[in-house]
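# Chain and residue survey
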Amino acid sequence: MAITESIQNVKLSTRFLNVTYVNNKTGAEVTALENINFDIKDGEFICIVGPSGCGKTTFLNTVVGLLKPSKGEILLDQKKIDGPGNDRAMVFQNPSLLPWKTVLDNVLYGVELQKLLSEDKKQEAKEFIEMVGLKGYENHYPHELSGGMQQRVNLARALTVNPSLLLLDEPFSALDAQTREFMQGELLRIWSETKKTSLFITHQIDEAVFLADRVFVFGARPGRVVDVINVTIPRPRDLHVKRSPEFINLVDHIWSIIEKESSKQGFVNK
Amino acid sequence: MTQGNIQFAQSESKIKKKKLKKQNKSLVISFVSVLMFLLLWEIASQNEWVNPLFVSSPIKIAQAAVVMIQEVSFWENMKVSGYEFVVGFALAIVIGIPIGVFSGWNTNFNAVVNPFISGLYVTPKVALLPVIVIVFGIGPVSKIVIVFLMAFFPIVMSAQKAMLTLDQNLIKAARTFNANEYQIFKTIALPSTVPFLLNGIRLGIGQGLIAVVVGELFASTAGIGYQLTSNGQNLQTDRMFVGILVITITGLILTLLLGVIEKRFSSWKPDIGS
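Sequence order as written defines residue numbering, which begins from 1 separately in each chain. The naming scheme follows written order: chains are lettered A onward, ligands numbered 1 onward. With the structure being a predicted model, the display of local features is reserved for residues of pLDDT at least 70 and the display and counting of side-chain atom pairs for 80 or more, all residues being used for whole-chain, interface and lining totals. The side-chain values count all of the structure's non-hydrogen atoms but skip hydrogen atoms and water molecules.

## Some remarks on the domain arrangement of chain B
Residues and elements named next belong to chain B. As a reminder, the rule being used: Source of the domain bounds: an automatic or database domain assignment. What gets called buried area is simply the loss in accessible area from a 1.4 Å probe that two parts show on being joined, summed for both. For this analysis, a polar contact is any N or O atom pair within 3.5 Å, provided that within protein one partner can donate a hydrogen and the other can accept it, and provided that sequence-adjacent residues contribute only side-chain to side-chain pairs. Polar here means any residue outside two lists: the nonpolar Ala, Val, Leu, Ile, Met, Phe, Trp, Tyr, Cys and Pro, and the charged Asp, Glu, Lys and Arg; Gly therefore counts as polar.
Per the domain assignment, the segments making up chain B are domain 1 (2-51) and domain 2 (56-265). Using C-alpha coordinates to define each centre, domain 1 is positioned 30 Å away from domain 2. Summed over the three residues of domain 1 that lose the most area to domain 2, namely W41, E42 and S45, the buried surface amounts to 85% of that side. Counting every contact that joins domain 1 to domain 2 gives three residue pairs in polar contact (both at pLDDT 80 or more). Of the residues belonging to the side of domain 1 that touches domain 2, the class tally is two nonpolar, two polar and one charged.

Below you can see the structure in the form of structure tokens.
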């Protein structure tokens, strides 16, 4: 976790990031994140895994600007993050689409909120709709789409604002197993086309290993980075990779780290 | 994919046809049901199973209607009642929707208006009629006030409820895209209220029609309710039923119109029952 990357190449860096909040019921101060320090390179795909309650979502909410650090800072393109901004876009666990807007208008919603709506953006939105595989569905309403298709719209909306950093908060966790596997492959294809620096949160270790260049393993109470795993599996990766020994070893390795962390917390009975 | 779409469209039109057939069948059954009721009524009245003075009969009512629509006073009464309803109801919408929406959006404003809304909501508004008549007289203004009062509450409360059930996921998504409060209000809060508001307006129509009639029955110099009272004093039940029928038909037409508006505003919604 040392600061090793050369400064030109760094997209996102966190410096001694701490996030604390006051528990509404007990009034006690809870440390959700403690001394998070890392650098993410431009174009990198990072996955964050960890036991529940390890502050994964808190971290993402802080990066997107909905939460403020209590100590430390986050730098995106060498600029300090202070509240939400046009340089980040999030793909949500819940599709969060406006039910009264068509697919096209939903994809344009982020741009609309940023007051950057234009004919060019409309054209771009259509291209992203095609990229996520929804060509022909521009004028459909969300209720006419399946869960997987809604998540594609969710992704296209984030891409259309052309963010410097793409944040994904367990976007496939509500999908059925088959659709999820398929969407993982699709996400890698789209990522290789757009080369967006991506920060992906998941509780599924195999999903993290399949997608990421590096996997950050978070520990709980307080949330912190306990290990960083380099995924050396060459790209492009397809779903067959998941059966390779290299893949399985990595998953096992990460699982043992999480298990050790969890047993320390008394989550796992042994 | 295009072939899939065509197949999808075909099966969709088949489903629509089936639904239409089902609808037609229900329509026929309803029509027969009403016809049977009228027939039974006519027979019961003609054979004096029940006193015709109390219940009149469909044929007598129809005859009375033909006579009445040629009377100037009937149309005058319609005009007065219609005026009272439209003005009172329009006020209820124009004042009720903003108050409901803003009190659902802003907790301080809600704290200011909510005691009055909750208190007046459970007060039977007709109990205020004697006071209203003292203040506003027996002319149309007192009726406008009571229509407003009775239609206002379903509308204001539906707007409040809509704001309280906003999808927090949508609001969070908007915030990450750097949305300000006004944008969230305009793009999420307002559209979310439409289905609730239409429902409140539907309830308001029923309340407003009750208000016109009760207000006129209580104290008036013109209007459908006034006509009902004077016909009642002369034991002209057939003419009274015509008056009641006019109110019923008005209510039906208004709800039907609202249904058309609702359809326009909710094309994005899944069909219920399909």
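## Here's the deal with the confidence of the model for chain B
Any residue range with low pLDDT should be treated as having predicted coordinates unsuitable for detailed reading. To keep it simple, the criterion reads: Scored between 0 and 100, pLDDT is the confidence that the predictor attaches to each residue. Strands here are runs of E lasting at least two residues and helices are runs of H or I lasting at least four, both read from the DSSP assignment and numbered beginning at the N terminus.
The predicted model of chain B averages 88 in pLDDT, with 93% of residues at 70 or higher. The lowest-confidence element of chain B is helix α1 (residues 2-46) of chain B, averaging 80 in pLDDT; the highest-confidence one is helix α6 (residues 129-136) of chain B, averaging 94.

## Things to note about the interface of chain B and chain A
This is how it is decided: By definition, residues are in contact when any of their heavy atoms lie within 4.5 Å.
On the chain A side, the residues contacting the 21 residues of chain B number 29 residues. Summed over both sides, the interface of chain B with chain A buries roughly 2,200 Å², with 64% coming from carbon and sulfur. Connecting chain B to chain A are three residue pairs in polar contact (both at pLDDT 80 or more). Mapped onto the side of chain B that touches chain A, the elements with two or more residues apiece are α8 (168-176) and α9 (181-218) of chain B.

## Comments concerning the packing of aromatic side chains
The criterion, for reference: Side-chain rings of Phe, Tyr and Trp, where Trp is taken by its six-membered ring, are said to pair if the distance between their centres is within 6.5 Å; with planes under 30 degrees apart they count as stacked, over 60 as edge-to-face, and otherwise as tilted. Accessibility here uses a 1.4 Å probe with only protein chains present; expressed as a share of the type maximum, an area under 20% marks a residue as buried, one over 50% as exposed, and anything in between as partly exposed. Here, a charge over a ring means that NZ of Lys or CZ of Arg falls within 6 Å of the ring centre while also lying within 35 degrees of the ring normal.
Per the stated rule, a full pass over the model turns up 14 aromatic pairs over all chains. Aromatic side chains F102(B) and F185(B) sit 5.6 Å apart centroid to centroid with 15° between the ring planes, which places their arrangement in the stacked category. Of this pair, F102(B) sits in helix α4 (residues 72-105) while F185(B) sits in helix α9, and the two are 83 residues apart along the sequence. On the basis of relative accessibility, which here comes to 42%, the residue F102(B) falls in the partly exposed class. Of the residues examined, F185(B) reaches a relative accessible area of 12% and is grouped as buried. Among the aromatic residues, those joined into a ring-pair cluster are F38(A), F59(A), F216(A) and F218(A). Above the face of the W191(A) ring, K195(A) is positioned so that its terminal group lies 4.7 Å from the ring centre. Lying over the aromatic face of F153(B), K125(B) brings its terminal NZ or CZ to 4.6 Å of the ring centre.

## Remarks on the packing of α4(B) against α9(B)
Residues and elements named next belong to chain B. Quick reminder of the rule: Interaxial angle, 0 to 180 degrees, is taken between N-to-C directions of lines fitted to C-alpha atoms, where a helix line uses only the stretch in contact. When the near helix sits turned anticlockwise from the far one by under a right angle, the crossing is termed left-handed; a clockwise turn instead gives a right-handed crossing.
Viewed as axis vectors pointing N to C, α4 and α9 meet at an angle of 145°, and their least axial separation amounts to 8 Å. You can see that α4 and α9 cross each other, and the crossing is right-handed. The residue makeup of the contact of α4 with α9, split by class, is 17 nonpolar, four polar and three charged.

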